[in-house]
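Report on the structure
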Amino acid sequence: MRETLFKSDLKSLPLVARGKVRDIYAVGEDRLLIVTTDRLSAFDVVLPEPIPGKGAVLTAVSNFWFEHMADMVPNHLCDTPLEQVLPDAAEREQVEGRAVVVRKLKALPVEAIVRGYLIGSGWKDYQQTGAVCGIDLPAGLQQADKLPTPIFTPSTKAEVGDHDENIDFDRAEALLGKGLAAMVRDVSLGIYSEAAAYARERGIIIADTKFEFGLDETGQLFLIDEVLTPDSSRFWPADEYQVGTSPPSFDKQYVRDYLETLDWDKTAPGPHLPPEVVAKTAEKYREAQRRLTGD
């Protein structure tokens, strides 16, 4: 496996899409090959420097959680070996350790976000309105406070370069239908609670996370994309957690914090990252994997 991959280049499969982090190829009519690159996006802009090993970390962590949560909700992973999809050894080496074969499903137009702590855009909303995505919260909460119970705060899914938009549950119901919206909410809260307890025992607080779901032709719900990774979640070291401040993290918040010190308007092209920021970010991703999976 290559240590660093900014963009995959597979000639034997048709490219379907190139997202902020993932390159997606068609495998026949009913499957996809998802390649998780080392690209890093911040403020919805893909930065010019890749983070070495990041794609492999995201793939390993996602696969761990998919297996861990399989009893709660089915996921999109197939048991098709990579050798069958990419018989050419050179192409296989390019993406090995960072590619999975998955079922082709109809992705839902809503991202399922669960917040257990008051941070990020939720904290900003709370300061202005006392609520997050239409959910009223107790007065007097501080930044990074643990919420009385985790809350489901969905958002719309934006195209590359655009920003996701937080929505309330009524809007989610309008987009998905009442029954499906309730199912997505309940499954998301269940996964978060299970994962948060598991991670807490290993020194990680999962402050918030986002899930994506898809439907098969029968309408069955599947967990797709990535799950509980340092890209899709805010991971805090439990021994450094302190209410009233933004805690250090095992995710790309470190990069966001660096970017906030620059004179950058958060539009493309993104600024170059210094080598020490790239190295520190890669280290944080690997530490999250080690703590959660033991690898």
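First, a word on scope: everything that follows refers to the structure included in this document. Not measured: the values here are computed from a predicted model. (Residues numbered from 1 in each chain as written. Predicted model: local features only at pLDDT ≥ 70, side-chain atom pairs only at ≥ 80, totals over all residues. Heavy atoms only, no water.)

If you trace the 4 strands from one edge of the open sheet to the other, you get β1-β2-β3-β6, paired in antiparallel fashion. Two strands lie at the open edges of the sheet, namely β1 (15-18) and β6 (99-103), each paired on one side alone. Here the strands of the sheet are splayed against their neighbours by 25 degrees on average, with no regard to which way each runs. Summarising the sheet, strand β3 (residues 31-36) and β6 pair through 5 bridges and their orientation is antiparallel. Its bridge partner being in β6, V35 is matched across the sheet by A99. (Pairing = 2+ DSSP bridges. Helix = DSSP H or I, 4+ residues; strand = E, 2+ residues; numbered from the N terminus. Axes fitted to C-alpha atoms, helices over the stretch in contact; angles between N-to-C directions.)

Moving on: the packing of helix α1 (residues 54-68) against helix α8 (residues 275-293). At a minimum axis separation of 9 Å, α1 and α8 run at an interaxial angle of 20 degrees. Considering the angle they form, α1 stands roughly parallel to α8. As for the relative orientation of α1 and α8, their crossing is left-handed in sense. Seen from α1, the contacting residues are K54, V57, L58, A60, V61, F64 and W65; seen from α8, they are Y285, R286, Q289, L292 and T293. (Parallel < 35°, antiparallel > 145°, perpendicular 65-115°, else oblique. Left-handed = near helix turned anticlockwise from the far one by under 90°. Contact = heavy atoms within 4.5 Å.)

Here we come to empty space enclosed by the protein. Under the counting rule described, the total for this entry stands at 2 cavities of 30 Å³ or more. Put simply, the largest cavity is a space of about 60 Å³. Around the largest cavity, the lining residues are R22, I34, T36, L58, T59, S62, N63, F66, H76, V100, D225 and E226. Contributions of two or more residues to the lining of the largest cavity are made by β3 and α1. (1 Å grid on protein atoms, 1.4 Å probe; cavity = no way out; pocket = protein on both sides within 12 Å on 5 of 7 lines; lining within 4 Å. Points joined across faces, edges and corners; volume = space filled by probe spheres on them.)

Here we come to the environment of A107. Here A107 shows up in strand β7 (residues 106-107). For A107, a relative accessible area of 40% gives the class partly exposed. Expressed as a C-alpha distance, the spacing of A107 and P150, which sit 43 residues apart in the sequence, is 24 Å. (Buried < 20%, exposed > 50% of the residue type's maximum accessible area, 1.4 Å probe, protein only.)

Burial in helix α7 (residues 253-260) covers these residues: Q253, V255 and L259. All buried residues of α7 lie within an arc of 155 degrees about the axis, which places them on one face of the element. Where α7 is buried, its residues touch β4 (41-42), β16 (233-237) and α8. (Arc of directions from axis to C-beta.)

What follows covers the pairing of strand β15 (residues 221-224). Judged by which residues are buried, β15 turns out to be covered on both faces: L221 and L223 on one side and F222 and I224 on the other are all buried. Between strand β14 (residues 204-215) and the antiparallel strand that follows it, β15, lie 5 residues; G219 among them carries a positive phi value of about 90 degrees.

The next subject is the packing of aromatic side chains. Within this structure, the stated rule accounts for 10 aromatic pairs. Seen in terms of ring centroids, Y117 and W236 are 5.5 Å apart; in terms of plane orientation they differ by 70 degrees. Their pairing is edge-to-face. With a gap of 119 residues between them, Y117 in strand β8 (residues 110-117) and W236 in strand β16 connect regions that are remote in the sequence. In terms of burial, Y117 and W236 fall into one category: buried. On the basis of relative accessibility, which here comes to 9%, the residue Y117 falls in the buried class. Ring pairs connect the aromatic residues F64, W65 and Y198, which therefore count as one cluster. Across the ring face of F43, the terminal group of K266 is positioned such that the distance to the ring centre comes to 4.4 Å. (Phe/Tyr/Trp six-rings, centres within 6.5 Å; stacked < 30°, edge-to-face > 60°. Lys NZ or Arg CZ within 6 Å of the ring centre and 35° of its normal.)

Mapped onto the fold, R234 is located in strand β16. Of the polar contacts made by the side chain of R234, one reaches the side chain of Q253; its length is 3.2 Å. (Polar contact = N/O pair within 3.5 Å; in protein donor to acceptor, adjacent residues only side chain to side chain.)

A few words on the environment of T261. Along the chain, T261 turns up in the loop between α7 and α8. Considering only alpha carbons, one finds T261 and E67, 194 residues apart in sequence, at a separation of 39 Å. A distance of 2.5 Å separates a polar side-chain atom of T261 from the backbone oxygen of Y258.

Let's shift gears to the layout of surface pockets. When its volume is computed, the second largest pocket comes out at roughly 190 Å³. Lining the second largest pocket are 14 residues, with Y117, K146, Y192, A196 and A197 sitting closest to its centre. Secondary-structure elements contributing two or more residues to the lining of the second largest pocket are β8, β11 (146-152), α6 (178-200) and β14. Here the lining of the second largest pocket gets 5 residues from one element, more than from any other, and that element is α6. For the lining of the second largest pocket, the class distribution of residues is 9 nonpolar, 3 polar and 2 charged. (Nonpolar A, V, L, I, M, F, W, Y, C, P; charged D, E, K, R; others polar.)

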